[in-house]
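# Fold and contact review
Listed below are the residues making up each chain.
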Amino acid sequence: MPDRPRTQIFLASTLYGAATLAAALDADLFAPADRRLLLISNNATTPETTPALDAMPGFARLRDRFDRVLSWNETIRPFHPGGWSPRPDDVPLWERQLRLLWELGDDEVALVVESIQVNPALALAQLFPGAPVDVYADGLMSYGPTRNKLDPLVGTRIDRLLHLDLVPGLKPLLLTEFGVEPVTVPTAAFTKVLAELADDEAPDGPADVPEGAALLLGQYLSALSILTPQEEEELHVRMVRGAVERGHREIVFKPHPSAPARWSRLLEREAEKLEVSLTVLDRPVLAEVLYQRARPALVVGCFSTALLTASVFYGLPVARTGTGLLLERLTPYQNSNRVPVTLVDALVPDLADRGERPRTVTTPKDVAPLVTAVGYAMQHQIYPHLRPAAERYLAAHLSPLTRRYFKRRRLTALALPGALPSQLSFIPRNAAVRRVARRARAVQRRLKKRTAA
């Protein structure tokens, strides 16, 4: 029987992710295929009012790497990509429908997806149950644990984790429970793709951004219910004040595409008060494009991946602000943003610390054990084999500086070092005490339900 045609389907929701895929293709990290399809998913809360990936500036430079561009939103309309998955009994019907709609015939299909733990990537993997899967990670979350337990029918099909080398020397923890090996997307290939995107920018775009300014990165954390809108506004104001205290007189603010316009107006009033020049970018553009076009003298953010690309890939000075507050606010402890916040807090200098000038990121030798300990505390059921390493780190390195990365309540629940004073350390391991605690929590829950009723 002759070999069947091979089709690779690449799922992407952001221009940064599509650039990562393009760099991996340029570096020959994928096996040859008869066709390569780019499946675009617009995961915005309201996709109808948000530009899709293929409508963003620079996408045309990536388009030729694929034989066809498809829309996941159109395929499953009227459902939202983040909230829809097939019912198990409907999978065969859906697979036949997609093969007909996308002209796949009886091709061998291979999937390349992002964020396999959630939809739409998880839904796509379920719809092609016989397809091998590669996962690519375009941010700092690749260094953290898998956010929830994956169905083995999906997890065992994952061959590789493709990731950018954002923290040199640190091995990603994501998907290691399935023995998935990480593969680094070459930095040179990635920056070459970003240079293409920079060349494609219109002359009235980032070219007007002053060179050598301080670049402030907005993230819209209130949309994630991590900060209130007022707290996030104040965070941006602190970025402006901190940059001015560092001696910068030209400020560029890159807001999150979904952020409200009033934030920019607040910053404009603050800039007027401080008598500095403020440029607010009013069109979507990758921060990395600005790094190449404007070479900012300083990049300031909270825990954006772009802080690490600025430092590691472009050698730009970086500074952080607000990570201490986020480490306190992230709930539950298993929140998938915890490892990115931890890495930025540990590796990037604080903007408010006047004694520590902004610098490029250096990797402390103990960052890997720290991430291992945090990862185990986040997902101990998925990574039980990491407990000895977590215990060693906490026993040797827990201090006022590192305690910010751990919650005493979490350490107590897992009976880890640092949970209670040493003279009381036997309590978490005492079965009787734990039974009483469980009964007390059960009674408390019943009382809350009665009160609510």
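Below, the structure is looked at part by part. (Residues numbered from 1 in each chain as written. Predicted model: local features only at pLDDT ≥ 70, side-chain atom pairs only at ≥ 80, totals over all residues. Heavy atoms only, no water.)

### A closer look at a positive patch on the surface
Heads up, the rule is: Nonpolar side chains (Val, Leu, Ile, Met, Phe, Trp, Tyr) within 5 Å and like charges within 9 Å form the patches, drawn only from residues with over 30% relative accessible area and no salt bridge. Only the protein chains shown count as cover for residues, and all accessible areas are computed by the Shrake-Rupley method using a 1.4 Å probe. Within this document, salt bridges are pairs made up of a side-chain nitrogen of Lys or Arg and a carboxyl oxygen of Asp or Glu, the two lying within 4 Å of each other. For the purpose of counting charges, residues Lys and Arg are taken to be positive, whereas Asp and Glu are taken to be negative. His and the chain ends are not included. Charge placement uses NZ in Lys and CZ in Arg. For Asp and Glu, CG and CD serve respectively. Only runs of H or I of at least four residues qualify as helices and only runs of E of at least two qualify as strands under DSSP, and these elements are numbered from the N terminus.
Taken together, R409, R435, R438, R439, R441, R445 and R446 make up a surface patch of like positive charges. In terms of residue count, the dominant contributor to the positive patch is helix α17 (residues 431-452) (6 residues). Within the fold, R441 resides in helix α17.

### Here's the deal with the sheet that holds strand β8 (residues 214-217)
Keep this limit in mind: Two strands make a pair as long as DSSP finds a minimum of two bridges between them. Between N-to-C directions, angles cover 0 to 180 degrees, with each direction set by a line fitted to C-alpha atoms, over the stretch in contact for helices.
With respect to topology, 5 strands assemble into an open sheet ordered β10-β9-β8-β11-β12, the strand pairing being parallel. Edge positions in the sheet fall to β10 (277-280) and β12 (318-320), since each of these pairs with one other strand and no more. Taken over all neighbouring pairs, the strand axes of this sheet differ in orientation by 20° on average, direction set aside. Pairing between β8 and strand β11 (residues 298-301): 3 bridges, direction parallel. Its bridge partner lying in β11, L216 is registered against V300.

### Focus: the packing of aromatic side chains
Basically, it comes down to this: We call Phe, Tyr and Trp rings a pair once their centres come within 6.5 Å, taking the six-membered ring for Trp, and we label the pair stacked below 30 degrees between planes, edge-to-face above 60, and tilted otherwise. Using a 1.4 Å probe on the protein chains alone, a residue whose accessible area is under 20% of its type maximum counts as buried, one over 50% counts as exposed, and one in between counts as partly exposed.
Inspection of the entire model under this criterion finds 11 aromatic pairs. Aromatic pair F10 and F30: ring centres 5.1 Å apart, planes at 85°, arrangement edge-to-face. Of this pair, F10 sits in strand β1 (residues 6-12) while F30 sits in the loop between α1 (15-26) and β2 (35-40), and the two are 20 residues apart along the sequence. Here F30 falls in the buried class, since its relative accessible area comes to 9%.

### Regarding helix α7 (residues 187-199)
To be explicit about the condition: Helices are assigned an expected span. That span is 1.5 Å times one less than the residue count.
The first and last C-alpha atoms of α7 sit 18 Å apart over 13 residues, in line with the 18 Å expected at 1.5 Å per residue. Buried within α7 we find A189, F190, T191, V193, L194, E196, L197 and A198.

### Comments concerning the packing of α1 against α7
We count it as follows: Here roughly perpendicular refers to angles of 65 to 115 degrees, roughly parallel to angles under 35, roughly antiparallel to angles over 145, and oblique to all remaining angles. Put simply, a crossing is left-handed when the front helix is turned counterclockwise from the back one by less than a right angle, and right-handed when it is turned clockwise. Between two residues, a contact is recorded if the distance between any of their heavy atoms is within 4.5 Å. Three categories are distinguished: nonpolar for Ala, Val, Leu, Ile, Met, Phe, Trp, Tyr, Cys and Pro, charged for Asp, Glu, Lys and Arg, and polar for the others, with Gly belonging to the last.
Relative to each other, α1 and α7 sit at 125°, their axes nearing to 8 Å. By the angle between their axes, α1 is oblique relative to α7. You can see that α1 and α7 cross each other, and the crossing is right-handed. Taking contact as the criterion, the partners of L15, Y16, A19, T20, A22, A23 and D26 in α1 are, on α7, A189, F190, V193, L194 and L197. Here the contact of α1 with α7 is composed, by residue class, of 10 nonpolar, 1 polar and 1 charged.

### Considerations on the pattern of salt bridges
Side chains carrying opposite charge are able to pair once their charged atoms draw close together. Per the stated rule, a full pass over the model turns up 20 salt bridges. What emerges from the salt-bridge pattern is a single network uniting D26, R65, K192 and E196.

### Structural notes on the side chain of N73
For N73, the location among the structural elements is in helix α3 (residues 72-76). Of the residues examined, N73 reaches a relative accessible area of 14% and is grouped as buried. Contacts of N73, omitting those with residues within four sequence positions, involve I40, S41, N42, P47 and P81.

### Description of empty space enclosed by the protein
Put simply, the rule is: Points on a 1 Å grid over protein atoms alone make up a cavity when a 1.4 Å probe fits among them but cannot get out, and a pocket when they form an open set with protein on both sides within 12 Å along at least five of seven lines; lining residues each have an atom within 4 Å of a point. Grid points are joined across faces, edges and corners, and a volume is the space filled by probe spheres set on the points.
Applying the stated criterion to the full structure yields 1 cavity of 30 Å³ or more. As for the largest cavity, its lining consists of V209, P210, G212, A213, A214, L215, V252, L290, A294, R295 and P296. Of all the elements in the fold, those that place two or more residues in the lining of the largest cavity are β8 and α10 (287-294). Class assignment of the residues belonging to the lining of the largest cavity gives a composition of 9 nonpolar, 1 polar and 1 charged.

None of this, on its own, says anything about what the molecule does.
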